[in-house]
Amino acid sequence: AIMRGLDVLQAFKPGVISNAGVGVLFAILSLRSRVFSVLNNSRPKRRAAAKEVELTNGGGAAPRRLRRPSWTPPGIAFPFIWGTITVLRGVSSAVVFSSTQAFFTPAFAAMLLHLSIGDTWNTITNIEKRLGVSAVVAYLVAASVYATVYLYYSASSLAGYLLAPSAVWLTVATSLCTAIWRINSPLQPLYPVPSDKKASALRFEKYLP
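The numbers attached to residues start from 1 for each chain and follow its sequence in the written order. Selection of residues for local features in this predicted model requires a pLDDT of at least 70, selection of side-chain atom pairs for listing and counting requires 80 or more, and totals for whole chains, interfaces and linings are taken over all residues. Only hydrogens and water are removed before side-chain values are computed, so all heavy atoms of the structure are retained for them.

**Comments concerning the environment of Leu66**
The residue Leu66 is located in the loop between strand S2 (64–65) and helix H4 (77–100) in this model. Sequence-wise, Leu66 and Ser185 are 119 residues apart; in three dimensions their C-alpha atoms are separated by 9.9 Å. Each helix is a run of H or I in the DSSP string that is no shorter than four residues. Each strand is a run of E no shorter than two, and both are numbered from the N terminus.

Here is the structure:
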């Protein structure tokens, strides 16, 4: 609906939304898309993540540190990686808009879907701590970015090339999620288990009667 509304605005007053404005819009969406989610999408603080512990599977045992493969990038690298991806998402989106002059397009729909899946993955990984489900959903995140890169490339080859590094990183991130799941025993299930009581509350749940 928002994309349709922006198209109506653009048709009513051509040029009111600049290419640069579109780039800024999608950069903001890349950083803050979670505000539209009904799930708890709080991002982990780097200092807290460094001390992160993973509880065992409900057996009452003491917490243990989450094991990661030796090739895991240092924590300080992640803000730079995601910062670069945010810029590339914004710039590539501006290039798409400069070619299509429209918002309600398959390319932008794919980007919004990709961001939504990424936010869901964040809830599963950082809030619910479901390693198995996280590994599965990581493949959906990767698949959605591949589709987005393809559709951006279809709109503008330059936009596809600009967005391609995010697909490369998310391929690495998917492998990392899978490796983390495999080396932390006992293996957590690849599907949500209600009895583990890890499900996060909806953001508006506290307002329900």
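Now, onward.
**Observations concerning the environment of Ala142**
Here Ala142 shows up in helix H6 (residues 131–155). Burial classes follow relative accessibility: with a 1.4 Å probe on protein chains only, a residue under 20% of its type's maximum area counts as buried, one over 50% as exposed, and anything between as partly exposed. Exposure remark for Ala142: the relative accessible area of 4% places this residue in the buried category. Sequence separation of Ala142 and His114 is 28 residues, and the distance between their C-alpha atoms is 8.6 Å. The residues contacting Ala142, other than those within four sequence positions of it, are Leu170 and Thr174. Any two residues whose heavy atoms approach within 4.5 Å at even a single point are treated as in contact.

**As for the confidence of the model for the protein chain**
The predicted structure's coordinates, where accompanied by low pLDDT, should not be read in detail. Across the protein chain, the average pLDDT comes to 83, with 79% of residues at 70 or higher. Per residue, pLDDT captures the predictor's confidence, and it can take any value from 0 to 100. When pLDDT is averaged over each element of the protein chain, H6 comes out on top at 97 and strand S1 (residues 53–54) at the bottom at 36.

**A few points about the side chain of Ser30**
Inspection of the secondary structure puts Ser30 in helix H2 (residues 19–32). Its relative accessible area of 9% is what places Ser30 among the buried residues. Every residue in contact with Ser30, bar those within four places of it in the chain, is listed here: Thr86, Arg89 and Leu115.

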